[in-house]
Amino acid sequence: MASAVAHAPPEHAPHYTSTGLDHRKIAIWAFIGSECMLFASLISTYLVYKGRSVSCPRPHEVCTAADGRVFQPILNIPVTSQSTFVLLMSSLAMVLALAAVENKDKPRPANPTLGYRILSSSKLWLAMTALMGATFLGYQAYEFTSFVHEGLTIHTNLFGSSFFTLTGTHGTHVTVGVLWLLTLLAIDFKRGLTPKDALLVDICALYWHFVDVVWIAIFTLIYLIR
Amino acid sequence: MATTAAAPTFAPEKAASYGSSGIWSWITTVDHKKIGALYLYTALGFFIVGGIEASIMRLQLARPNQHVVTAEVFNQLFTMHGTTMIFLGVMPLSAAFFNYLIPLQIGARDVAFPRLNAFSYWIFLFGGLFITVPIFFNAAPNGGWFGYAPLTTLQFSGGLNIDFWVMGLQILGISSLAAAFNFITTIINMRAPGMTLMRMPIFTWMSFVVMFLLVLAFPVITIALVFLLFDRFFNTTFYAIAAGADPLLWQHLFWVFGHPEVYILILPAFGLVSEILPANSRKPLFGYNVMVYSGIMIGFLGFGVWAHHMFAVGMGAMADTIFALTTMLIGIPTGVKIFNWIATMWGGQIRFTTAMKFAIGLLALFTIGGISGVMHSSPPSDLQQSDTYFIVAHFHYVLFGGSMMGIFGGLYHYFPKITGRYMSEKLGTWHFWINFVGMNLTFFPMHFSGLLGMPRRIYTYDAGQGWETFNLISSIGTAMLVVSTAIFFVNFWRSRKSGAPAPNDAWGAGTLEWSIPSPPPDYNFAEIPVVTSRYPLWDLKMPERTSGIQHSRPDDMAITGAHAVAVHEETAYRSAKELGIPMPFPTAKPMVAALGILIGFCGILLTHVVPFAAGIAVAISGVALFVGTLYAWLTAPLE
């Protein structure tokens, strides 16, 4: 049995993985699987509690409180549609950032056009993604403060508790994503990201797209469906 | 290099010189074997705590109208007994085996993320202490291990007791999730060349299923606990009935986690038994493929049966019927496993080692627990048994008779691999028989006291209800369990230094972990082996034993690359440096990061004691410590 097999220089061993993929890529998928259950629990609770609040305000209905005050439907769908659009566009920027890093070792044309220079700038697209994420967070901060002014806090009623916890958890995920993107941007400025670093951007991108996809579910189920 | 002829030489004095020792080396270790040992010692410590809690309860219930402890202390005892045994005993004992065995069984030098692995351990230790220490201040959790809300909301459970429980479990959840991501990656990505999924040892397979259960079940209880935490600290309304909350929300979320948790507790023990039986029956496991499929099936169905814990709340005929059927269904893959184990022994040359006795003990006792489980799956029958001692009898047969028997068996079986020495078979036999008899004396009479109507969790009872004899027998059985466990600890402690020396292959088993020295060197495998069947070591030493199972054809080997070597026994202790194997640097950063999380939770807890802003300031400093350490950790090279 032994004679049939060649000997290995031991330093070759650590490079071998069963799937050929980097460990981090598999781990991030496992993490995303776990996050699906986290958001599923939050969204289910929101849906189970929909329409069960005993006090105002309500998401989609005009509501008259016991003291006679009238509350308008609190969800501002046009404004949140804008922030949703920004967040979804950030996924496009993320794709371009990853492509820019992956293509860095391709030979550059002698006279690159403006379009080429824009598309090949990983710094620009990482910054754009982070900026759009931050814009989404700004919209969310505006939404939360205006809700509080209109009389909805996390302890007002079941709607307030489940709404703020769900969207707040999502907002926390976006915040982590923005910090992650800014870290990558800092590395890019410090030493320049090369195609060897594509995996670092790739796993961040997977996380970022996941956070966007979850928002599609939240926006549809909480804002659009009455 | 294939030293088929060379007899394994044992060199404990050389093994002892391996790596550094001392407290600092344990704090900074990233070696999966040392982390496994940390899990083992810590979990055995918590196991003693949980056992003392149980013994005090049995002392109280031995006779009617006893007042050894007050009702309040009794509440804390049963809550902490359940919480300790599940989260701090059986789960981390399984984690000790995951850590120690999975890399060895798949032919890897460590786990995929060694530092994350250390982080998992430290966060487990801190979470365990966070939840256990309050018992010395009469402030331990007192709402049951299931912590039903709204009972556990501030309105009905003031004080810090439940706060410790909510946050302790939250901390422990982080540990389990981090470990699960790590081991999923390890098993998918670090198998030795040639080890296809269907050639993995069954223990690794069952662990693999458990990792998916952890990844999918823990987020659900995380959210349930976040709601409870917010209700208690930020005045939200998730469990406030007056605000219209559903009193069943907690129960659903908890049991969506809680039932997969049952399989998280039992599947590792099933895996250990599936290693012990073939080794000691000296033939391959019967029906390997079906064993794997039934393990996956159990994991899959485990998510569809949670509401059988809730038959008594009145969910309606439709829900009751569906969950009754899925529950009966899950008995099938479990039964298949039992029959496959029996068939593994059939016709084998059985050797009754202590580990083998425990494995057969599991078969018998788990089957009893499984049968009473099928009884509960019928809602009309369950309505009679719900919240009585019958249920206590049932789940102790599966958790003590199942999980703990498997874990004890695993400890006897793998002790020689971990320490290079055998545990005493004589003391082991005493341990087994006293444990076996004591276990049945303790828990079998509970079936009867339960059917006679004795409710769970009562702190004392009146005479004349027909419960006295059964309770007395249960308490005598508990005394026997204390004796048997003491024998185990004496055996364990003494054998570490004075047990008979064990060779590489202590039991003549067939999987990769037995091809390397006992205890293994820090790099595990000097050369990564190439695997051509499920029992690579038997291929090498006893090919007649594996002639009946599938092997790769020689030309398949080309696919796995030319860099690897065939399976062989490694006997020499050489340093990683000599061999040119890069090893991860020791680091304390995972421990500091875990400390940051602990401080963060302590800060939230403090808001109930000191001014709100002061507590939040502590919490923020904890988060800052965590994030800062995380950046330092991720920017430092691994090896």
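Residues numbered from 1 in each chain as written. Chains lettered and ligands numbered in written order. Predicted model: local features only at pLDDT ≥ 70, side-chain atom pairs only at ≥ 80, totals over all residues.

Caption draft 1: Seen up close, the overall build of chain B. For chain B, the count of helices and strands is 19 helices and 2 strands. Here the C-alpha radius of gyration of chain B, 25 Å, is about what a compact globule of 639 residues would show, namely 26 Å. Considering only C-alpha atoms, chain B reaches an extent of 75 × 60 × 50 Å along its principal axes. Within the span of chain B, comprising 639 residues, buried residues form 56% of the whole. (Helix = DSSP H or I, 4+ residues; strand = E, 2+ residues; numbered from the N terminus. Rg over C-alpha atoms; globule rule 2.2 N^0.38 Å. Buried ≥ 20, exposed ≤ 12 C-beta atoms within 10 Å, placed from the backbone.)

Caption draft 2: Structural context of the domain arrangement of chain B. Residues and elements named next belong to chain B. If you check the domain split of chain B, you get domain 1 (33-584) and domain 2 (589-639). Put simply, the middle of domain 1 and the middle of domain 2, counted by C-alpha atoms, are 30 Å apart. On the domain 2 side, the residues contacting the 17 residues of domain 1 number 16 residues. Among the elements of the structure, helix H5 (114-132) and helix H6 (161-189) are those that each provide at least two residues to the side of domain 1 that touches domain 2. (Domains from an automatic or database assignment. Contact = placed C-beta atoms within 7 Å.)

Caption draft 3: Representation of the nonpolar core in the model. Grouped together as the largest cluster of nonpolar side chains are 244 residues, with contacts concentrated most on Ala97 of chain A together with Ile171, Ile184, Leu214, Ala224 and Ala359 of chain B. No other element matches helix H7 (residues 202-233) of chain B, which puts 22 residues into this core. Discounting residues that sit within four places of it in the chain, Ala97 of chain A has contacts with Ser122, Trp125, Leu126, Thr129 and Val201 of chain A. (Core = buried A, V, L, I, M, F, W, Y, C linked by C-beta atoms within 7 Å.)

Caption draft 4: Structural detail: the packing of helix H1 (residues 23-48) of chain A against H7 of chain B. The N-to-C vectors of H1 of chain A and H7 of chain B enclose an angle of 35°; their axes lie 8 Å apart at closest approach. Seen from above, H1 of chain A lies across H7 of chain B with right-handed handedness. Together, Ala30, Gly33, Ser34, Met37, Leu38, Ser41 and Leu42 of chain A of H1 of chain A and Val215, Leu216, Pro219, Val220, Thr222 and Ile223 of chain B of H7 of chain B make up the contact between the two elements. Split into classes, the residues belonging to the contact of H1 of chain A with H7 of chain B amount to 9 nonpolar, 4 polar and no charged. (Axes fitted to C-alpha atoms, helices over the stretch in contact; angles between N-to-C directions. Left-handed = near helix turned anticlockwise from the far one by under 90°. Nonpolar A, V, L, I, M, F, W, Y, C, P; charged D, E, K, R; others polar.)

Caption draft 5: Quick peek at the packing of H7 of chain B against helix H9 (residues 288-301) of chain B. Residue and element names in this part refer to chain B. Interhelical geometry of H7 versus H9 gives an angle of 15° and a closest axis separation of 10 Å. Considering the angle they form, H7 stands roughly parallel to H9. By crossing handedness, the relation of H7 to H9 is classed as right-handed. Every residue of H9 that contacts H7 at Ile202, Trp205, Met206, Val209, Phe212 and Leu213 is listed here: Met291, Val292, Gly295, Ile296 and Gly299. Classifying every residue of the contact of H7 with H9 by side-chain character gives 9 nonpolar, 2 polar and no charged. (Parallel < 35°, antiparallel > 145°, perpendicular 65-115°, else oblique.)

Caption draft 6: Representation of H9 of chain B within the structure. All names here are of chain B. Helix length check: H9 (14 residues) gives 20 Å between terminal C-alpha atoms against 20 Å at 1.5 Å per residue, within 8%. Taken residue by residue, H9 has Tyr288, Met291, Ser294, Gly295, Ile298, Gly299 and Leu301 as its buried positions. On its buried side, H9 packs onto H7, helix H8 (249-281) and helix H10 (317-345). (Expected span 1.5 Å × (residues − 1).)

Caption draft 7: How the structure looks around the environment of Thr629 of chain B. All names here are of chain B. By secondary structure assignment, the location of Thr629 is in helix H19 (residues 612-635). Measuring from C-alpha to C-alpha, the distance between Thr629 and Arg351 comes to 51 Å, with 278 residues separating the pair along the chain. Thr629 has contacts with Lys589, Val592, Ala593 and Gly596, leaving out every residue within four places of it along the chain.

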